[in-house]
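# Close look at the chain arrangement
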Amino acid sequence: MEVIETTSRLAEVLDGPRRSGKTIGLVPTMGALHAGHKSLVDRARRECDIVVVSVFVNPTQFNNPEDLRTYPRTEEADCALLEAAGVDYAFVPTVEEVYPEPDTRVFDLGSVAEVMEGAMRPGHFNGVAQIVSKLFAMTQPTRAYFGEKDFQQIAVIRRMVELEGFDIEIVDCPIKREDDGLALSSRNVRLTPEGRAIAPEIHRTLAKSPAMKESGMTPAEVKAEVIRMIDANDGLKTEYFEIADALTMQPISRWEDAGKHGAVGCVTVFCGDVRLIDNIKY
Ligand code: PAF
């Protein structure tokens, strides 16, 4: 595996394979890699001739400076994991390399980016669109792999791809969980022992919600019950739980209002000062 720091070197190594018709898989990450990222890398490895993994903590998507400052950075361990996973290129640029000039682009992401994470974290999705569009332009992958833990992010990236006219297949990959159900996240390392013990209640509660739907409860009733159950745990505080159409991300008030992609319940919960997200499909 070659560790690449510049866009010019990245273009140089990918030019030959691209010309000879090889498929290129890109896995964009912010590092602090765990088994969830590894599952994306493994899938890219199975499906593509060349695998590129970017490791870049993108400042433009952090609306909270403290979150950016405390975001875990484990570059050496990340490179070791990627090397062992058979990655061809780890792209590890500096902020100056990615943003030689401030990125002032504002993407017309529309309603998909206005709700849930978009409402709670102003500017976050525009920052995601900025970095992912840059990585797509730099790498020109055949396919790009994203984890469904950030369910709304995938919908936003699909919208950005449509806006920018990229010919790239977006591959969404299932959430990876600890044995006790906690969704794998780079932020989990910041949980206190008490937080780590209680955090699996988020998924345990979500997992009960399809049965609530089956029992005849409306989306509003399921929402209220899920929030009540999560918040009943000392140390957990729900920021939002929304039930939305899985394609448009717009909240639904009746189950029948979900389109052919079904509905998804998306939750954000504070566990101490660590903000955890998770979701469940209906
Ligand atoms: O999901 C993430 O880790 C980031 O939002 C991404 C897609 C790598 C962009 O920085």
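Preceding block: the structure.
Read on for an overview of the structure. Predicted model only: the values in this text are computed from it and were never measured. (Residues numbered from 1 in each chain as written. Predicted model: local features only at pLDDT ≥ 70, side-chain atom pairs only at ≥ 80, totals over all residues. Heavy atoms only, no water.)

So, about the sheet that holds strand β4 (residues 89–91). On the basis of which strands lie adjacent, the open sheet formed by 6 strands has the order β1-β4-β3-β2-β5-β6 and parallel pairing. Looking along the sheet, the strands with just one partner apiece sit at the ends: β1 (2–4) and β6 (169–173). On average, each strand axis in the sheet is tilted by 25° relative to the strand beside it, whichever way the strands run. Across 6 bridges, strand β2 (residues 24–29) lies against strand β3 (residues 50–55) in parallel orientation. Bridge pairing in β3 places Pro 28 opposite Ser 54. Where helix α8 (residues 151–164) meets the sheet, it contacts β5 (143–147) and β6, and its direction lies at approximately 175° from that of β6. (Pairing = 2+ DSSP bridges. Helix = DSSP H or I, 4+ residues; strand = E, 2+ residues; numbered from the N terminus. Axes fitted to C-alpha atoms, helices over the stretch in contact; angles between N-to-C directions. Contact = heavy atoms within 4.5 Å.)

Within strand β9 (residues 274–281), 7 of the 8 residues are buried, leaving the element largely enclosed by the surrounding structure. Examined bridge by bridge, strand β8 (residues 263–271) and β9 share 8 bridges and lie antiparallel to one another. Paired with Thr 268 across the two strands is Ile 277, which belongs to β9. What sits between β8 and β9 in their antiparallel hairpin is a turn of 2 residues, with Gly 272 showing a positive phi close to 65°. (Buried < 20%, exposed > 50% of the residue type's maximum accessible area, 1.4 Å probe, protein only.)

Let's shift gears to unusual backbone geometry. Despite not being glycine, Ala 32 shows a phi value in the positive range, around 50°. Take Ala 32: it is sitting in the loop between β2 and α2 (35–47). For Met 116, which is not glycine, the phi torsion reads 45° and is therefore positive. Tracing the sequence through the fold places Met 116 in the loop between α5 (95–98) and α6 (117–120). Residue classification places Met 116 among the buried residues on the basis of a relative accessible area of 7%.

This brings us to the site of the ligand. Taken together, Pro 28, Thr 29, Met 30, Gln 61, Ile 131, Phe 146, Asp 150 and Gln 153 make up the full set of residues near the ligand. Gln 61 has a polar side-chain atom sitting 2.6 Å from an oxygen atom of the ligand. A distance of 2.7 Å is found between an oxygen atom of the ligand and a side-chain nitrogen or oxygen belonging to Gln 153. Considered on its own, the ligand offers 290 Å² of accessible surface; in the complex 89% of this is hidden by protein. Along the lines of polarity and charge, the residues of the shell around the ligand split into 4 nonpolar, 3 polar and 1 charged. (Near = heavy atom within 4 Å. Polar contact = N/O pair within 3.5 Å; in protein donor to acceptor, adjacent residues only side chain to side chain. Areas by Shrake-Rupley, 256 points an atom, 1.4 Å probe, with all protein chains shown as cover. Nonpolar A, V, L, I, M, F, W, Y, C, P; charged D, E, K, R; others polar.)

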